[in-house]
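Close look at the chain arrangement
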There are 2 protein chains.
Amino acid sequence: MPATKQKKTDVLIELAKRRGIFWPSYEIYGGVKGLLTLGNVGFEIKRRLENLWIKYFVYSRNFQIIESPVIGPRPVYVASGHETQFTDKALKCEKCCSVFRADHLLSEVGINVPEGASLEHIDELVAHNKVKCPNCGENFSKAFQWLLMFKTEIGVGDPGYLRPETAQGIFTEFKRLYVHSRSSLPLGVAQIGKVFRNEVSPRQGPIRLREFTIMEVEFFFDPETNTGPLDEKYLEETIPVLTAEDQEKGFSGLRSVKVRDAVEKGFFSNNWIPFFLVLTKSFLKALGIPDGSYRFREKLPSERAHYAKQLFDCEVLLESWGWTEVAGFAYRTDYDLSGHMRVSGEDMSVFISSTNKKVVPHVVEPSFGAERLLYALLEYSLKIEEDGRIYLSIPSYLSPFDVSVFPLLSKPDFIAKAKEVASYLSDFKVNFDDSGSIGRRYARADEIGIPFAVTIDHQTFSDDTVTLRFRDTKEQKRISIASLPTELARLLSTPKPLV
Amino acid sequence: MPATKQKKTDVLIELAKRRGIFWPSYEIYGGVKGLLTLGNVGFEIKRRLENLWIKYFVYSRNFQIIESPVIGPRPVYVASGHETQFTDKALKCEKCCSVFRADHLLSEVGINVPEGASLEHIDELVAHNKVKCPNCGENFSKAFQWLLMFKTEIGVGDPGYLRPETAQGIFTEFKRLYVHSRSSLPLGVAQIGKVFRNEVSPRQGPIRLREFTIMEVEFFFDPETNTGPLDEKYLEETIPVLTAEDQEKGFSGLRSVKVRDAVEKGFFSNNWIPFFLVLTKSFLKALGIPDGSYRFREKLPSERAHYAKQLFDCEVLLESWGWTEVAGFAYRTDYDLSGHMRVSGEDMSVFISSTNKKVVPHVVEPSFGAERLLYALLEYSLKIEEDGRIYLSIPSYLSPFDVSVFPLLSKPDFIAKAKEVASYLSDFKVNFDDSGSIGRRYARADEIGIPFAVTIDHQTFSDDTVTLRFRDTKEQKRISIASLPTELARLLSTPKPLV
C-alpha cells in the first residue's frame, strides 16, 4: 500500500523500525510488552529533546538537577503512599489464572468503568454482565488491587521497588538539597531518568510503556509567601484548557484561556501551576507540536493521583490514540514531605524568616514523558507527499544529525573533498554518506529528518563553494565553505523560553 | 582537623556532601549500601563527562548509540550466561542467617582466597581455619553462589532481571542494528545507562555501587578480515601496561609499552583492543587523570569474566582504594551472539562478501564506569593549599558551570549590571552569585571547580570591561564584555581524541 494511503501511525512505526528510531525490544525472544529500544536516530532526537527540556525547565530558572537511584527501599514507597495507592484494579480467572486490567477488560465487552470505581463495584459489574475470562470462558475471582511497581530484593532480604517516578529520590534528599541552595525557597529540583510501571498487560505499542524516561521538577515553595513568580509576564499569555467543569458538562475540546483571567477567577490552586503551563506551551512550540493539537486538561477528583490536590494533564492529539497525556502538573502540597517525616521521623520543615514560622514546603510538580513527547513530535513532523516522498520536518536543533555532507559523485576526488569539508565541520554532528545516487542520499537523510545537506559538486573545485540544501523545501543555495560554520550555527540555534 | 592534615578522600567526601556533588542515598531511612545520589554539581560534571565520552567513543568513530531497557526477560540472561556465571561465592550463618561475601569475610580474618576458588575450596578454608560468623559466633552452612543480578517479575509471573551491563540490550537487537548500518562490518554500537549489581553487602562508599552508570561500546568485527583499524596512528603510541606474565612474577607496577612492539609480539588477541586502549589514554588525559596514575592491567585467566577470552582493566590509583578499575576491555569473541542464537533460535550470522562466508561477528567491548571516573577525576582535581584553600581544578569543559558572574558589591547598580552580563552570556552555563563578600564567592566557586569568574567592578561602568579571574592561579585580567563570549568559548573548548 502506498504511504499516502496508509495511516500515519503505520508509516511512522515502519520507518522507525527500518531507520533505527525505535522498535519493540527483545523481538528474538518473542518481545516483552511495554519495552522499547531506541536506535541511533531515536536516541539522538530524544537526547536533544532532553537537553532542550533542561534548557527550558532547569537552566533558565536556575533550578538544581540531580540523579538519584532507580531502586528504592520499601519504606520510601510506604511513606509516599505508592505501595497501597499506586495500583490498577485487576481480575484473575479462577481457572486459567490469566490476569486482566479490569477497566480494559470490561470496556472491551462494552461496559464503561467509572474512574475511581471500587473493587466491589467492579465485582458487581462482572456479576451483573456475566463477564467471563476471554481466554478460557470461566469465572473471575474477586477484583483485586494490582501493584504497578516492580518489586525486587536488595542484598539479603530487604524489599525494594523500582521507582515509578523520580520524585521520591528528590523528596527523600530534601534536607541536603535545601542546604545546597543555601537554605532558601522557592527551590526547584529537576531529574531526568528511567521510571518503571508494571502494567498487567500493556497495549498501545510505543505509548504505554513499562519502562520510560521521565523529566520532572519538584518545585518547593512556601504556600504563604511564595505563591507565584515575581515576573508576571506569564499572566499575559493564553493557554488551551479543558476544565473539570466543562468535562462534567460533556464538553471535550479545549478553550483558549487568558492566564490572568483564570488566575483572577481562582481557577488554579497557586500561581506556580499556570506559570509552568505557560512555560510548557513555549516548550511544545519548540518541539514543533502545533497550537490546537494539545490542551491542558484539568483532571477530575476521581482521576487524580493519590498525592495531588489539583492536577492538569497536558494532552496531545495523536492519530491512533486520541488525546494522549504527555505531561502532568500536580499540586502535591506537603503530602510527600509530610509522609517521609512521619515514616522516617526526620524533620523536613524549614524556617521562613519573613513570617518567623516553620513550614513544610508545598510542591508543584511538572512531569514530562520523554518517549511520548518523542512520539508526538515525530508524528507531527511526519510528512507524506503525493509522490510518496516521506520526510520528518523535525526542528533543526532536535534532528539526529546537524547536517549531511555528500560528494555529488562517488569519485575519489569528490569523496576526498567531502571528507575534508566534513572534518572542517567537526563541531557539528555530520552525516557523511557517499554511497548510491545523490537523490537516494537526500531521500535517506530526509527520512530521518536531517535538516541540511551540504553537497560537494564540480564547482566546488574551482571556487570552494558548495550547495546547501534545505530538507523541507528541497531548495538549494550556493554558499562558500568558509561561511558554513556560521550559517549552520545560525540555522541550528535553539529557541529560548517565553517566560 | 585542618584540611591539609586530612586524607584527600575525607576532604572530598565532606565537600561532596556539603556542596551537592554526591552522598549516600536515603539517609533519612538509615541509607542503603551501594546507592549514591548525585547532586546538582555532581550530576553536571558527570553529564559533561558522558558527553565527552560520546564525542571520543561514538561521534569520532561514527558509531551508533542506542538506548535499550533496564529490565530484561530471563531468557536473555540465560543465553548470556549471567544467570549461572554472574555470581559471588557467599557464606550464610546457620544461626543468624547473616550472609557474607566469602572472599571478603575470609580476607578480614587474614585468609587469602585465590580468584576462581571453588565452593569446596572455600568450605575447606572455613573449616580448616575454624571461621565463625562475626555477628553471632556460630557456624556457616556450605558456601553457595550468590547471584549478582537483581530479580523482578514482569507482568503476571514472568521472571526478569535488571541488566548488569547494557551489552545484552545491544546483542539481542543486533540484527536490526546491523541493518541500520547498511549491513556492513565493522560496526560499533554504544550505550550509556544505569546497570545494577546486587552485591551482598557493598563497602567502599562511592566506589562499590549496586547501581551505577556504564558507558560501553560493543564493537562487532569479522575476525578474519577486520582485525584492526586501517589508520595505524595508534601503533606509534605508548601505553602503561601490567601484563599477566608480570603479575605472575609478582610485579605490580606498570611498564610503558609501545603499542607497535606489543602488537608485533602477538600480545593482543586482535588490534581493536590496543586501538581502544590508546583512545582511552587520550580520554583519561582529557579528564585530567595524569600519566603514571593509571595502567592497563591484563586480567589473569582466573579473574576474567565468563564471556572474555582476553580482558584488560583500566585501573586508576586512588588514595583510599589503591588501583581501582574504572574501565574494562573485553574480547568477547562470538560468545554472546552465539548464546542468543542457541537460546532464541534466530540466526545472527552475517554474510561477508570479500570472503564469501557467513560469520558470527566477534566483539571487543570497551566499558567505562561513569561514577568511578567521576570520583577519580575529582580526587585528582582536588587541591588543598597550605593556607587551607580548597579547590577542584577540573578541566574547564567538565566543570559544573562554565563561568561565574559576580557583582563586586551587593549594590543595586552592580547587581543589575551583573545580571545584564549574565544574560549576555546565556549561551554558557552561568553561576550568578551576589551574596556575601566577593572573596567568599570566589572561594565557593573554586570549591566546585568553576574555572572562570567574571566580576563587574567600578571600572565596568565607565568602559564596559570586567575582570576575568582564573580558578587555579587566582590571576585576573581585564577584558571587554563584548569579547567575553569568544574568549570563554576558546577557554571552554573540548579537546579532540588522539586517534
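Remember, predicted model here, so these are calculated numbers, not experimental data.

Take the overall build of chain A next. Helix and strand counts for chain A come out as 17 helices and 26 strands. Taking 499 residues into account, the globule formula puts the C-alpha radius of gyration at 23 Å, and chain A, at 26 Å, falls close to it. Dimensions of chain A, computed from C-alpha atoms along their principal axes, come out at roughly 80 × 65 × 55 Å. Expressed as a percentage of the 499 residues in chain A, the buried residues total 47%.

Attention now moves to the relation of the copies chain B and chain A. Mapping chain B onto chain A leaves a residual RMSD of 0.0 Å; the transformation is a rotation of 180° accompanied by 0.0 Å of translation along its axis. Here the symmetry operator amounts to a two-fold rotation axis. Closest approach to the rotation axis within chain B is made by the C-alpha atom of Thr 152 of chain B, at a distance of 2.6 Å. Same-surface contact between copies: 100% of interface residues of chain B are shared with the interface of chain A.

Residues and elements named next belong to chain A. Spatially, E6-E5-E7 is the arrangement adopted by the three strands of the open sheet, whose pairing is antiparallel. Only two strands of the sheet have a single partner each, and these edge strands are strand E6 (99-101) and strand E7 (144-147). On average, each strand axis in the sheet is tilted by 50° relative to the strand beside it, whichever way the strands run.

Further remarks concern the interface of chain B and chain A. Each side of the interface is counted separately: chain B has 48 residues, and chain A has 48 residues. Residue contributions to the side of chain B that touches chain A peak at four residues, all from strand E8 (residues 151-154) of chain B. Taken together, the residues of the side of chain B that touches chain A break down into 22 nonpolar, 16 polar and ten charged.

Moving on to the sheet that holds strand E12 (residues 238-242) of chain A. Residues and elements named next belong to chain A. Taken in spatial order, the nine strands line up as E3-E10-E11-E19-E16-E15-E14-E12-E13 in an open sheet, and their pairing is mixed. Only two strands of the sheet have a single partner each, and these edge strands are strand E3 (64-66) and strand E13 (255-258). Strand-to-strand twist of the sheet, defined as the mean angle between neighbouring strand axes without regard to direction, takes the value 30°. Note: strand E16 (residues 322-333) against strand E19 (residues 362-369), six bridges, orientation antiparallel. Bridge pairing in E19 places Ala 327 opposite Phe 368. Sheet contacts for helix H2 (residues 40-57): E3, strand E10 (187-196), strand E11 (211-221) and E19; angle to E11, the most-contacted strand, approximately 5°.

The next thing to look at is the domain arrangement of chain A. All names here are of chain A. As assigned here, chain A comprises domain 1 (3-82 + 149-381), domain 2 (88-147) and domain 3 (401-491). Of note, the centres of domain 1 and domain 2, computed from C-alpha atoms alone, are 30 Å apart. For the side of domain 1 that touches domain 2, the per-class residue count stands at three nonpolar, two polar and one charged.

A few words on the confidence of the model for chain A. Mean pLDDT over chain A works out to 96, with 100% of the residues at or above the 70 mark. Scoring of the predicted complex yields 0.97 for pTM and 0.96 for ipTM.

Let's shift gears to the packing of H2 of chain A against helix H11 (residues 272-286) of chain A. Residue and element names in this part refer to chain A. At a minimum axis separation of 11 Å, H2 and H11 run at an interaxial angle of 150°. Comparing their axes, H11 and H2 come out roughly antiparallel. For the pair H2 and H11, the sense of crossing is right-handed. Two secondary-structure elements touch here, H2 through Leu 52, Trp 53, Tyr 56 and Phe 57 and H11 through Leu 279, Ser 282, Phe 283 and Ala 286. Among the residues making up the contact of H2 with H11, the classes are represented as seven nonpolar, one polar and no charged.

What follows covers helix H2 (residues 40-57) of chain B. The end-to-end C-alpha distance of H2 of chain B, which contains 18 residues, comes to 26 Å, matching closely the 26 Å that a straight helix rising 1.5 Å per residue would cover. Buried within H2 of chain B are the following residues: Asn 40, Val 41, Gly 42, Phe 43, Glu 44, Ile 45, Lys 46, Leu 49, Trp 53, Tyr 56 and Phe 57 of chain B.

Turning next to the pairing of strand E14 (residues 294-298) of chain A. Residues and elements named next belong to chain A. Within E14, five of the five residues are buried, leaving the element largely enclosed by the surrounding structure. Of the two faces of E14, the one holding Tyr 294, Phe 296 and Glu 298 and the one holding Arg 295 and Arg 297 are both buried throughout. Across two bridges, the pairing between E12 and E14 is parallel. The residue bridging Val 241 from the neighbouring strand is Phe 296, located in E14. Alignment of E14 against strand E15 (residues 310-318), held across five bridges, turns out to be antiparallel. Its bridge partner being in E15, Phe 296 is matched across the sheet by Cys 314.

Residues and elements named next belong to chain B. Following both chains from N to C, one finds H2 and helix H13 (residues 370-381) inclined at 110°, their axes separated by 10 Å at the closest point. Judged on the interaxial angle alone, H13 and H2 are roughly perpendicular. Facing H2, whose interface residues are Gly 42, Ile 45, Lys 46, Leu 49 and Glu 50, H13 presents Ala 370, Leu 373 and Leu 374. Split into classes, the residues belonging to the contact of H2 with H13 amount to five nonpolar, one polar and two charged.

Our focus in this paragraph is the nonpolar core. Considering soluble globular proteins, one finds that nonpolar side chains tend to be buried as a cluster. Counting 266 residues, the largest nonpolar core has Val 403 of chain A together with Val 403 of chain B as the members making the most contacts within it. In terms of residues, this core owes the most to one element, helix H11 (residues 272-287) of chain B, which gives eleven residues. Here Val 403 of chain A is in contact with Leu 425, Phe 428, Val 430, Ile 450, Phe 452, Ala 453, Val 454 and Leu 488 of chain A, once residues within four sequence places are set aside.

In this section: helix H15 (residues 438-447) of chain A. All names here are of chain A. Of the residues making up H15, those classed as buried are Arg 441, Tyr 442, Ala 445 and Asp 446. Within H15, the buried residues cover an arc of 135° as seen down the axis, which keeps them to one side. Exposed residues on H15 whose side chains face more than 90 degrees from its buried face are Gly 439 and Arg 440. Looking at the buried positions of H15, the neighbouring elements they touch are strand E21 (390-392), strand E22 (403-407), strand E23 (430-432), strand E24 (452-456) and strand E25 (465-470). After H15 finishes, the residue Gly 449 shows a positive phi value of roughly 80°.

Another aspect to go through is the environment of Glu 386 of chain A. With respect to the helices and strands, Glu 386 of chain A occurs in the loop between strand E20 (382-384) and E21. Along the chain, Glu 386 of chain A and Thr 4 of chain A lie 382 residues apart, while their C-alpha atoms are 6.5 Å from each other.

The rules behind each value
Residues numbered from 1 in each chain as written. Chains lettered and ligands numbered in written order. Predicted model: local features only at pLDDT ≥ 70, side-chain atom pairs only at ≥ 80, totals over all residues. Helix = DSSP H or I, 4+ residues; strand = E, 2+ residues; numbered from the N terminus. Rg over C-alpha atoms; globule rule 2.2 N^0.38 Å. Buried ≥ 20, exposed ≤ 12 C-beta atoms within 10 Å, placed from the backbone. Least-squares fit on C-alpha atoms with pLDDT ≥ 70 in both. Contact = placed C-beta atoms within 7 Å. Pairing = 2+ DSSP bridges. Axes fitted to C-alpha atoms, helices over the stretch in contact; angles between N-to-C directions. Nonpolar A, V, L, I, M, F, W, Y, C, P; charged D, E, K, R; others polar. Domains from an automatic or database assignment. pLDDT = per-residue confidence, 0-100. Parallel < 35°, antiparallel > 145°, perpendicular 65-115°, else oblique. Left-handed = near helix turned anticlockwise from the far one by under 90°. Expected span 1.5 Å × (residues − 1). Core = buried A, V, L, I, M, F, W, Y, C linked by C-beta atoms within 7 Å. Arc of directions from axis to C-beta.

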